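Coordinate analysis (summary)
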Amino acid sequence: MGINAPVLLTFVTIICFASTSYTFQGTASFYKPPYVPSACNGYRDDGIFIAGASDALWNNGAACGKDYLVHCTGATNQAPQPCKSKAVRVRIVDYCPKGCSGTINLSEDAFSMIANLSAGVIKVDYAEYYKKWEN
Ligand SMILES: *[C@@H]1O[C@H](CO)[C@@H](O)[C@H](O)[C@H]1NC(C)=O
Ligand SMILES: *[C@@H]1O[C@H](CO)[C@@H](O)[C@H](O)[C@H]1NC(C)=O
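Residues numbered from 1 in each chain as written. Chains lettered and ligands numbered in written order. Predicted model: local features only at pLDDT ≥ 70, side-chain atom pairs only at ≥ 80, totals over all residues. Heavy atoms only, no water.

1. Looking at the overall build of the chain
Of regular secondary structure, the chain possesses three helices and six strands. Starting at the N terminus, the α and β elements of the chain follow one another as α-β-β-α-β-β-β-α-β. Among the 135 residues that make up the chain, the fraction classed as buried is 39%. Put simply, 78% of the contacts in the chain that link residues at least 6 apart link residues at least 24 apart. Carbon together with sulfur atoms contributes 57% to the accessible area of the chain, which is approximately 7800 Å² in total. (Helix = DSSP H or I, 4+ residues; strand = E, 2+ residues; numbered from the N terminus. Buried < 20%, exposed > 50% of the residue type's maximum accessible area, 1.4 Å probe, protein only. Contact = heavy atoms within 4.5 Å. Areas by Shrake-Rupley, 256 points an atom, 1.4 Å probe, with all protein chains shown as cover.)

Now the structure itself:
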């Protein structure tokens, strides 16, 4: 299976982007299905790679529909290293109210792509993912 140039370029762009100041550090928690209703879209099915935004990201609902690339960077406690090497792309469709245990509250499906669910909460890097990168 070959990797074509545009795909490679996309990865390089993501890597460069992820190392700039547009990347933020925070924590990620997760929530379990059912994923609807959501604060952004009610009973619309937005798939499983979704997240709830805490007050740090929510911006009065302006966060709805934004995509983020989230990368696990470590444990928040003494638990064994929980990270998997992948990053996951999620869309903000929900609001995680005050007291939210993470900066970004991932769907269980998204969280399990990047970390061991037993960790509960993890440290992450996150950056907004722009659809124009796909052109
Ligand atoms: C997110 O996580 C919190 C726990 O911090 C939970 O109470 C909340 O209902 C979750 N859901 C969403 C959609 O953010
Ligand atoms: C996930 O973490 C738990 C608790 O630390 C550990 O027992 C388990 O083996 C881990 N699972 C994987 C697949 O690494």
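2. Structural notes on the nonpolar core
Core analysis: the biggest nonpolar cluster contains 23 residues, and Val-70, Val-90, Ile-104, Leu-106, Ile-114 and Ile-122 have the highest contact counts within it. Broken down by secondary-structure element, the contributors of at least two residues to this core are β2 (50-53), α2 (55-58), β3 (67-75), β4 (87-95), β5 (104-107), α3 (108-114) and β6 (122-129). Not counting residues up to four positions away in its chain, the partners in contact with Ile-114 are Val-70, Cys-72, Pro-82, Cys-83, Lys-84, Lys-86, Ala-87, Val-88, Leu-106, Ile-122 and Val-124. (Core = buried A, V, L, I, M, F, W, Y, C linked by side-chain atoms within 4.5 Å.)

3. Details of the site of ligand 1
If you check the shell around ligand 1, you find Tyr-31, Gly-52, Asp-94, Tyr-95, Cys-96, Cys-100, Ser-101 and Asn-105 and nothing else. Separating an oxygen atom of ligand 1 from a side-chain N or O atom of Ser-101 is a distance of 2.7 Å. In this structure, an oxygen atom belonging to ligand 1 sits 2.3 Å away from a side-chain N or O atom of Asn-105. Its free accessible area being 360 Å², ligand 1 has 64% of it covered by the protein chains. Residues of the shell around ligand 1, tallied by class, amount to four nonpolar, three polar and one charged. (Near = heavy atom within 4 Å. Polar contact = N/O pair within 3.5 Å; in protein donor to acceptor, adjacent residues only side chain to side chain. Nonpolar A, V, L, I, M, F, W, Y, C, P; charged D, E, K, R; others polar.)

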